[in-house]
Amino acid sequence: MKSFVSELSAVIKDFLDYKHALGIKYQSAEVYLHELDQYNYCHGNHGTLVKEVVDGWAYEHAAKSTTSDRSWISPIREFGRYLVNMGDTCAYVIDNSFIIQRYHAEVYLMTEHEIQRFFKECDIYVRRHNIPGRAYVFPALYRFMYCCGVRSQEARMLKCEDVHLDKGYVDILWAKAHRDRRLFLSDELIQYLKDYESAIQKVFPDREYFFPGGSGGICSSTALSANFRDIWLAAGLKRDGKVKPRAYDFRHHFACANIMRWSAEGKDIHAMLPYLMRYMGHSSLESTYYYIHLIPDFFPMYQEMADPTEELLPEVDIDEI
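Residues numbered from 1 in each chain as written. Predicted model: local features only at pLDDT ≥ 70, side-chain atom pairs only at ≥ 80, totals over all residues. Heavy atoms only, no water.

Novice: Tell me about the overall build of the chain, residues and numbers included.
Specialist: Along the backbone of the chain there are 13 helices and three strands. Across the chain, the fraction of contacts at a sequence separation of at least 24, relative to all contacts at a separation of at least 6, is 64%. Put simply, the chain shows about 16,200 Å² of open surface, and 51% of that area lies on carbon and sulfur atoms. (Helix = DSSP H or I, 4+ residues; strand = E, 2+ residues; numbered from the N terminus. Contact = heavy atoms within 4.5 Å. Areas by Shrake-Rupley, 256 points an atom, 1.4 Å probe, with all protein chains shown as cover.)

Below, the structure written as structure tokens:
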């Protein structure tokens with residue numbers, strides 16, 4: 001852990017300990033908090049998080065940035081909220097002034113009926129064009145995303161050497177923000193992927209990626225998105241100006257379906273969310289709590305669950321969840 005010097009050092013360390021206890025490395029965030037600590041030390045050395053220090057550091061940091069990335073805002077905001085939740089009602093929580101607004105697709109929660117129709121059509125649709133491996137790759141790739149809730153990029157970049165079907169797991173490496181993780185698979189999915197492996201191996205015997213593109217290399221993001229859209233429409237499912245389902249929405253369905261299943265089984269949702277956080281590769285538990293607020297119409301215990309978490313929710317980047 002870096003050396004902190006200002007009057008905020010003790011609470012920063014407590015905050016980092018809290019994150020580490022949740023299994024979050026928080027390495028980049030620690031760098032930003034160290035910079036903020038140094039700035040505070042040189043600008044009044046305050047014992048709480050004051051607006052002048054936070055905004056001053058943020059302006060300085062933004063001026064040095066050569067990109068539109070504003071990921072450094074989130075840990076500072078979470079730190080402010082942490083202090084408030086710990087009783088420091090004077091702590092400043094940074095606002096949206098430094099956020100560069102970007103377009104994010106709306107989350108679409110698929111129904112089980114839509115998912116069944118999608119996969120039924122998928123298995124037929126991929127055989128209509130004579131592209132090497134296509135009949136095997138996309139049905140397996142989309143099922144993997146649906147069953148494991150992985151990000152689209154994580155599925156596309158999955159390498160054969162990281163798939164261990166004999167042991168029942170895959171390793172997701174080079175994930176977002178280097179949050180590598182091991183995903184254990186269901187018996188049904190393992191058998192499906194073994195059958196897939198036998199088939200695709202005959203088409204691309206020396207392939208590097210588990211779900212290859214048409215030429216045997218990495219499957220492009222365009223191909224993944226375009227084929228999903230075409231299969232969705234071919235299945236007669238709704239897609240218009242307001243409803244635009246994407247392959248990424250398999251990830252959202254995975255999270256919400258698990259939360260609702262745990263609710264139906266009478267499990268303690270709060271106790272289960274850290275497991276979901278680690279499985280999905282979220283950087284913080286706050287990102288996983290987002291899904292509780294996403295499904296009020298489907299989740300009978302929504303209000304009871306949501307009330308204690310209102311102050312935990314950060315601004316959520318769709319790429320993060």
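From this point, things continue past the structure.
Novice: Any details on the pairing of strand β3 (residues 181-184)? Residues and values, ideally.
Specialist: On β3, burial follows the alternation: R181 and L183 on one face are buried, whereas R182 and F184 on the facing-out side are not. In the sheet, strand β2 (residues 169-172) pairs with β3 via four bridges, with the strands oriented antiparallel. In the sheet register, V170 faces β3, and the bridge partner there is L183. (Buried < 20%, exposed > 50% of the residue type's maximum accessible area, 1.4 Å probe, protein only. Pairing = 2+ DSSP bridges.)

Novice: Lay out the nonpolar core in plain terms, naming residues and giving numbers.
Specialist: L33, L49, W57, L273 and L276 are the most contacted members of the largest nonpolar core, which has 47 residues in total. Secondary structure elements with two or more residues in this core: α1 (9-21), α2 (27-42), α3 (51-64), α4 (73-85), α10 (249-264), α11 (269-280) and α12 (285-294). The element that contributes the greatest number of residues to this core is α11, accounting for six residues. Setting aside residues no more than four positions away along its own chain, W57 makes contact with Y32, E35, L36, Y39, W72 and I76. (Core = buried A, V, L, I, M, F, W, Y, C linked by side-chain atoms within 4.5 Å.)

Novice: Any chance you could break down the side chain of E121 for me, citing the residues and the numbers?
Specialist: One can find E121 in helix α5 (residues 112-125). On the accessibility criterion, E121 (12% relative accessible area) is buried. Residues in contact with E121, not counting those within four places in the same chain, are R128, I231, A234 and A235.

Novice: Tell me about the side chain of E154, and name the residues and values.
Specialist: Mapped onto the secondary structure, E154 falls in helix α7 (residues 152-156). Taking relative accessible area as the criterion, E154 reaches 7% and is therefore assigned buried. One polar contact links E154 to R151, side chain to side chain, over a distance of 2.8 Å. (Polar contact = N/O pair within 3.5 Å; in protein donor to acceptor, adjacent residues only side chain to side chain.)

Novice: How would you explain the sheet that holds β2 if you had to name every residue and give the values?
Specialist: Strand order across the open sheet formed by three strands is β1-β2-β3, with antiparallel pairing between neighbours. Edge positions in the sheet fall to β1 (163-164) and β3, since each of these pairs with one other strand and no more.

Novice: So, the confidence of the model for the chain: which residues are in play, and what are the values?
Specialist: Any segment with low pLDDT has predicted coordinates that should not be analysed in fine detail. On average, residues of the chain carry a pLDDT of 85, and 85% of them reach 70 or more. Between the elements of the chain, mean pLDDT differs from a low of 44, seen in helix α13 (residues 302-306), to a high of 98, seen in β1. Counting contacts from residues 297-319, a segment whose pLDDT is below 50, to residues more than four positions away or on other chains yields 50 contacts. (pLDDT = per-residue confidence, 0-100.)

Novice: Tell me about a nonpolar patch on the surface, residues and numbers included.
Specialist: Judged by side-chain polarity, M157, L173, W174 and I218 come together as a nonpolar surface patch covering roughly 410 Å² of accessible area. Examined against the element boundaries, L173 turns out to sit in the loop between β2 and β3. Of the residues examined, L173 reaches a relative accessible area of 37% and is grouped as partly exposed. (Patch = residues over 30% accessible without salt bridge, like charges linked within 9 Å, V, L, I, M, F, W, Y side chains within 5 Å. Salt bridge = Lys/Arg side-chain N within 4 Å of Asp/Glu carboxyl O.)

Novice: For the environment of H61, give the residues involved together with the corresponding values.
Specialist: Within the secondary structure layout, H61 lies in helix α3. Judged by its relative accessible area of 12%, H61 is buried. Spatially, the C-alpha atom of H61 lies 9.4 Å from that of Y32, the residues being 29 residues apart in sequence. The contact partners of H61, leaving out residues within four places of it in the chain, are Y32, E35 and W72.

Novice: Please set out the pattern of salt bridges residue by residue, giving values where relevant.
Specialist: One pass over the structure, following the stated rule, counts 14 salt bridges. E154 is paired through a salt bridge with R181; the nearest N and O atoms lie 2.8 Å apart. In this pair, E154 sits in helix α7 while R181 sits in strand β3, placing the two residues 27 residues apart along the sequence. A relative accessible area of 9% places R181 in the buried class. A salt bridge links R182 to D171, with the shortest nitrogen-to-oxygen separation between them at 2.7 Å. Pair noted here: R182 is in strand β3 and D171 is in strand β2, with a separation of eleven residues, a long-range link. The partly exposed category is assigned to R182, whose relative accessible area is 42%. Of the residues examined, D171 reaches a relative accessible area of 12% and is grouped as buried. Because the salt bridges share partners, they merge into one network encompassing R151, E154 and R181.

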